[in-house]
Amino acid sequence: MDIKSKNRSRLYATIIFLLTTVICLAIAEWFLRSYQSKLTQDDEITPGLLQYHSQFGWVLAKNWQGNHKHHDFEVNYNTDSQGYRISDSRDKNGSKNVEKTVAFIGDSFTFGLGVNDDQTFTALLNQKDPTTKYLNLGIPGYSTDQQYLLMKYRHSRIRANHYILVFYLGNDFLDNALGYPLQTEYAKPYFTIGTGGQLVQNNYPVPKQPKPDSEWNKSVASIAFGDELLPQQSSLQSIKEHSALLSRLAPKKNQLTVEQTYPLLAKRLQQQSGLAKAILSQIGQFADSRDFKISIALLPGKSYAESPTSVSGLFQSYVASEIKAISKSLNLEVLDLASKLAAAYNNKDQNLYLFHPNEGHLTEEGHLIVADIIQEQI
């Protein structure tokens, strides 16, 4: 075989090798994308848990029973005659004398998506402390404004001695300024700050119209960072971010730092910060007027513990620092669940799985850690 023939054979072999590699990578990319899509769509819950409410946006159905099946879990939920999740066997077996009532107001993390009734941190606290009745007033999708309205208009029925508002670091800070929360399809009431500094309620009665397409395009990154993240990313980083295969083979390493992120977020989120302070101030004043104790518990999402230098992790870290500062200025007690959950996650000796790997909410172990932290702090 002459030199030209050998070179031609090598060229053909190289081309065939490259084409085979590209085809294999494309197949692997398609498979991973399909698998990730299946995990996202593999989520079935018995219909009817959430019902429209003109004042709050939505509430839980009363005396509802249902099943929630996801790739990560299969659990059951039950609500009581008031429309809150059952978290205390004393609700069923007859009331016992207790010294005080502590009510947790929050979103799906407080409600306990992904665990059974007796596995939520509220239920675990009831099991640990027979002298106190712990109520689970968590409603999936609620933000601080809805939690304030729920507390304000239902306190006469709840009559708790101590309310713990569970501030979810993942999106509450942003959802407070939105008529449609980032992760739900329903409209909600929201506040703006009037010329005199007072809160002005909007979207009342809450409209029933479905979420507009323009609202679905909003995300934590688009609101908190906008286009200012783009100059920080190279073309390769952008490709990796959108590739299911490359993100697994070469996990994304964020180039942002706290020094870069915090000033950017402080500039972009002045409205959200002012609104959070105004709402928390109203909550504090309402607590004083009704003579009950109020605490703010900071609860993180999965990325805060697992990837603290990611965009989501840095955003949550900023929100935690901001809510701590606001609460301190208002003399509100803060329960820092976030840093302690992160510490528990990073304690490799315990080998704990605190968050469901695909669905993202707290696991049974996560709820147990939260219950221990709360019991220790209050």
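Placed above this text is the structure.
Read on for a plain summary of the structure.

The rules behind each value
Residues numbered from 1 in each chain as written. Predicted model: local features only at pLDDT ≥ 70, side-chain atom pairs only at ≥ 80, totals over all residues. Heavy atoms only, no water. Core = buried A, V, L, I, M, F, W, Y, C linked by side-chain atoms within 4.5 Å. Buried < 20%, exposed > 50% of the residue type's maximum accessible area, 1.4 Å probe, protein only. Helix = DSSP H or I, 4+ residues; strand = E, 2+ residues; numbered from the N terminus. Contact = heavy atoms within 4.5 Å. Pairing = 2+ DSSP bridges. Axes fitted to C-alpha atoms, helices over the stretch in contact; angles between N-to-C directions. Phe/Tyr/Trp six-rings, centres within 6.5 Å; stacked < 30°, edge-to-face > 60°. Lys NZ or Arg CZ within 6 Å of the ring centre and 35° of its normal.

Considerations on the nonpolar core
Moving on, step 1. With 93 residues, the main nonpolar core has F104, L137, M151, Y163, F167, L269 and I323 as its most contacted residues.
Moving on, step 2. With eight residues, helix 12 (residues 270–290) is the largest single contributor of residues to this core.
Moving on, step 3. In this structure M151 touches I105, Y163, L165, I283, F286, F292 and I294, once residues within four positions along its chain are discounted.

Side note on the sheet that holds strand 6 (residues 100–105)
Paired through backbone hydrogen bonds, the strands of a sheet run either parallel or antiparallel to each other.
Moving on, step 1. Sheet architecture is open: five strands sit in the order 7-6-8-11-12, paired in parallel fashion. At either end of the open sheet lies a strand with only one pairing partner, and these are strand 7 (132–136) and strand 12 (333–336). Across the sheet, the mean angle separating the axes of adjacent strands is 25° when strand polarity is ignored.
Moving on, step 2. Judged from the seven bridges that link them, strand 8 (residues 162–168) and strand 11 (residues 293–299) form a sheet pairing that is parallel. Bridge pairing in strand 11 places Y163 opposite I294.

A short note on the sheet that holds strand 5 (residues 73–78)
Moving on, step 1. Read from one edge of the open sheet, three strands run 1-4-5, paired in antiparallel fashion. Bordering the open sheet on either side are strand 1 (43–45) and strand 5, each of which pairs with just one other strand. Neighbour to neighbour, the strand axes of the sheet diverge by 10° on average, direction disregarded.
Moving on, step 2. Summarising the sheet, strand 4 (residues 65–70) and strand 5 pair through six bridges and their orientation is antiparallel. Considered in strand 5, the bridge of Q65 is made with N78.

What about unusual backbone geometry?
Moving on, step 1. In this model, Y204 is joined to P205 through a cis peptide bond whose omega is -5°.
Moving on, step 2. Within the element layout of this structure, P205 appears in the loop between strand 10 (199–202) and helix 7 (213–216).
Moving on, step 3. For D291, which is not glycine, the phi dihedral falls at a positive 60°.

A closer look at the environment of T144
Moving on, step 1. Along the polypeptide, T144 turns up in helix 5 (residues 144–158).
Moving on, step 2. With 24 residues separating them along the chain, T144 and Y168 place their C-alpha atoms 9.0 Å apart.
Moving on, step 3. Non-local contacts of T144, meaning those with residues more than four positions away in its chain, are made with L165, F167, D172, N176, I279, L280 and I283.

Describing the packing of aromatic side chains
Moving on, step 1. Under the defined criterion, the tally for this structure stands at 10 aromatic pairs.
Moving on, step 2. Taken together, a centroid distance of 5.6 Å and an interplanar angle of 70° make the contact between W58 and Y142 edge-to-face. With W58 in strand 3 (residues 57–60) and Y142 in the loop between strand 7 and helix 5, this pair connects stretches of sequence that are 84 residues apart. Taken as a pair, W58 and Y142 share a single burial class, namely buried.
Moving on, step 3. Judged by centre distance (4.5 Å) and plane angle (20°), the rings of F109 and Y168 are stacked. With F109 in helix 3 (residues 108–111) and Y168 in strand 8, this residue pair connects regions lying 59 residues apart in the sequence.
Moving on, step 4. Within the aromatic cluster, the residues linked to one another by ring pairs are W58, Y142 and Y186.
Moving on, step 5. Above the face of the F111 ring, R85 is positioned so that its terminal group lies 4.8 Å from the ring centre.
Moving on, step 6. A cation over a ring is seen here: K211 above W216, with NZ or CZ 4.2 Å from the ring centre.

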